[in-house]
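Chain residues, written in single-letter form:
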Amino acid sequence: MSSAEPNEVMYLEKETSREEIVDSPLFEGDEALRLVGTQAQTFSEEYNRTLRNKLDKIIIPITAAVYFTQFLDKTSLNYASIMGFPVIGQNYNLVSMAFYLGFIVWEFPTVYIAQKLRLGKYLGVNIIVWGVVLLCHALANSFQAFFALRFILGMCESCVSPILISIISMFYRKNEQGVRIAYFYTMLGFTQVFGGFIAYGISFYNGGVMAPYKIVYYLLGSLAILVGIVVLVWLPDSPVNAWTLTKEERIASLERVRDDQGGTENRTFKKEQVIETLLDVRTWLIVLATMLTDIPSGGLTNFSNIIIRNFGYTSKQTLILATPAGIVNVISVVICGYYSDKKAMLCIADGERMLPIIYATLPTLLGFALMIGFNNSGQKGVLLFSSYLIGSFGSTLSTIYAYNASNTSGYTKKLTINALTMIFFCVGNIIGTEIFQPQDAPAYIPGKTAIMVLLTTQIGVAYLLRHINVRLNIKRRAMIEEIKREKGWTDDDVQKEKDRRAFADMTDKQNVFFQYVN
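We now turn to the structure provided with this report. (Residues numbered from 1 in each chain as written. Predicted model: local features only at pLDDT ≥ 70, side-chain atom pairs only at ≥ 80, totals over all residues. Heavy atoms only, no water.)

**Description of the packing of aromatic side chains**
Under the counting rule described, the total for this entry stands at 15 aromatic pairs. When the centroid spacing of 5.4 Å and the interplanar angle of 75° are considered together, the rings of Phe-436 and Tyr-444 count as edge-to-face. Each member of the pair, Phe-436 as well as Tyr-444, is classed as buried. Taking 5.2 Å as the distance between ring centres and 65° as the angle between the ring planes, the aromatic pair formed by Phe-514 and Tyr-516 counts as edge-to-face. Judged by its relative accessible area of 0%, Phe-514 falls in the buried class. Judged by its relative accessible area of 2%, Tyr-516 is buried. Ring-pair connections join several aromatic residues into one group, and the members of that group are Tyr-67, Phe-184, Tyr-185 and Tyr-401. Positioned over the ring face of Phe-514 is Lys-174, at 3.6 Å from the centre of the ring. Between Arg-282 and the ring centre of Tyr-516, over which it is positioned, the NZ or CZ distance is 4.3 Å. (Phe/Tyr/Trp six-rings, centres within 6.5 Å; stacked < 30°, edge-to-face > 60°. Buried < 20%, exposed > 50% of the residue type's maximum accessible area, 1.4 Å probe, protein only. Lys NZ or Arg CZ within 6 Å of the ring centre and 35° of its normal.)

Here's what the structure looks like:
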């Protein structure tokens with residue numbers, strides 16, 4: 001830690017100059033190398049805190065607005081379903097599924113395109129386009145038109161999470177990422193509250209000029225276009241070219257994350273990193289964990305209001321009574337995000353990602369057990385309370401995002417694992433749209449039982465992932481000690497080598513100094 005004044009920076013001579021980097025193999029590393037070189041520059045802790053606060057004021061509100069808009073748009077069908085939406089029955093399920101089909105088809109192409117372009121600009125354009133698509137929902141009047149529009153909407157929204165996770169991982173340390181991702185992910189819960197009250201207000205409209213669901217789409221489409229413009233102008237693409245930061249602040253932003261060995265952005269697509277991702281067993285455990293989360297989520301996203309209405313409430317009452325589940329979701333996400341980072345900040349462990357998943361899943365299991373146990377009991381209050389408990393597992397996907405951000409190095413590998421996560425997010429949601437079958441109405445007992453089995457399996461997968469990372473970290477620490485003995489290195493020598501590799505676009509498997517978050 002430097003003892004310099006808050007705004008004072010101590011520049012050290014680099015091992016490799018910017019000019020030398022351009023002509024060396026290190027030029028294949030991250031773009032950050034051109035700005036900071038291979039040896040660390042030291043900034044005071046107070047300077048870093050001030051910089052982090054500035055980043056929070058820029059990045060967090062914008063990423064939150066993006067996620068708020070995305071999830072509100074994604075769940076618009078849920079609100080429209082009880083506000084005169086013209087597609088019903090199995091066709092309604094297919095329209096819901098179309099969003100995820102578009103998502104899957106376009107996920108890898110959109111990630112590849114994003115790697116070649118500036119992340120913030122590419123994201124902003126996609127948001128504006130999906131805003132226009134939402135406006136078109138108000139003009140459609142057939143199953144075919146709604147299916148096509150939902151498909152295109154899924155394509156446009158497929159870039160959101162990989163880009164937001166990449167931006168968070170470039171600007172924030174590992175012990176800051178969990179709660180920052182939680183900040184934007186809480187918007188999932190807030191949209192349930194906001195969307196519920198908006199839909200409730202619109203439900204009093206008698207439909208004299210247009211159907212109530214069309215008003216929803218006009219409002220959401222306009223909001224998306226506005227957020228897209230904000231993203232285009234203000235969201236930074238990376239620390240290297242963030243125009244809202246001074247050159248000194250850009251350098252300091254990179255130095256803040258150097259020791260994490262996570263790297264920043266690299267425009268070169270590297271096939272070997274894709275292969276490594278596909279051969280890593282933890283990739284497929286994350287994919288499995290994602291599916292186990294999103295099969296239940298896919299069903300509840302489109303059927304939660306219907307389930308509550310079937311407890312014996314009216315449609316208007318349902319819109320209001322469903323909103324507290326969003327608050328439960330927000331609380332769960334914030335607590336899990338804070339806990340996962342706090343463990344690392346206090347040096348109690350390497351940080352936690354999997355334990356929060358386990359803790360968040362338990363109340364959800366209790367909620368579904370109550371729903372099944374009190375079915376046909378007439379105790380509407382208990383059933384309603386159980387529907388709020390199931391909101392706790394909403395933090396699971398946020399924690400998976402944080403896991404990917406903290407446990408993956410190599411820019412192509414990061415984008416690949418995020419793309420795979422989102423593809424199987426969609427697969428889970430597609431399966432989820434079929435988990436509540438019309439013949440099982442109104443209680444949907446088979447679907448609720450299936451969700452309990454899936455979430456119980458999720459607990460086992462989370463524990464296995466944690467165990468693997470704990471073992472990997474133990475082995476790496478032993479390897480570093482052996483390197484020190486063989487080469488006669490001191491701790492300072494090890495730190496210099498870590499600094500040299502930080503922005504070389506090495507994967508976490510290639511870089512022995514990379515430590516995993518459990």
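**Things to note about the nonpolar core**
Core analysis: the largest hydrophobic core is formed by 123 residues, its most contacted members being Phe-85, Leu-123, Phe-171, Phe-184 and Tyr-401. Sort the elements by how many residues they give to this core and helix α3 (residues 45–74) lands first, with 13 residues. In contact with Phe-85, not counting residues within four places along its chain, are Leu-77, Ala-80, Tyr-92, Phe-146, Tyr-213 and Tyr-217. (Core = buried A, V, L, I, M, F, W, Y, C linked by side-chain atoms within 4.5 Å. Helix = DSSP H or I, 4+ residues; strand = E, 2+ residues; numbered from the N terminus. Contact = heavy atoms within 4.5 Å.)

What is shown is where atoms sit, not what they do.
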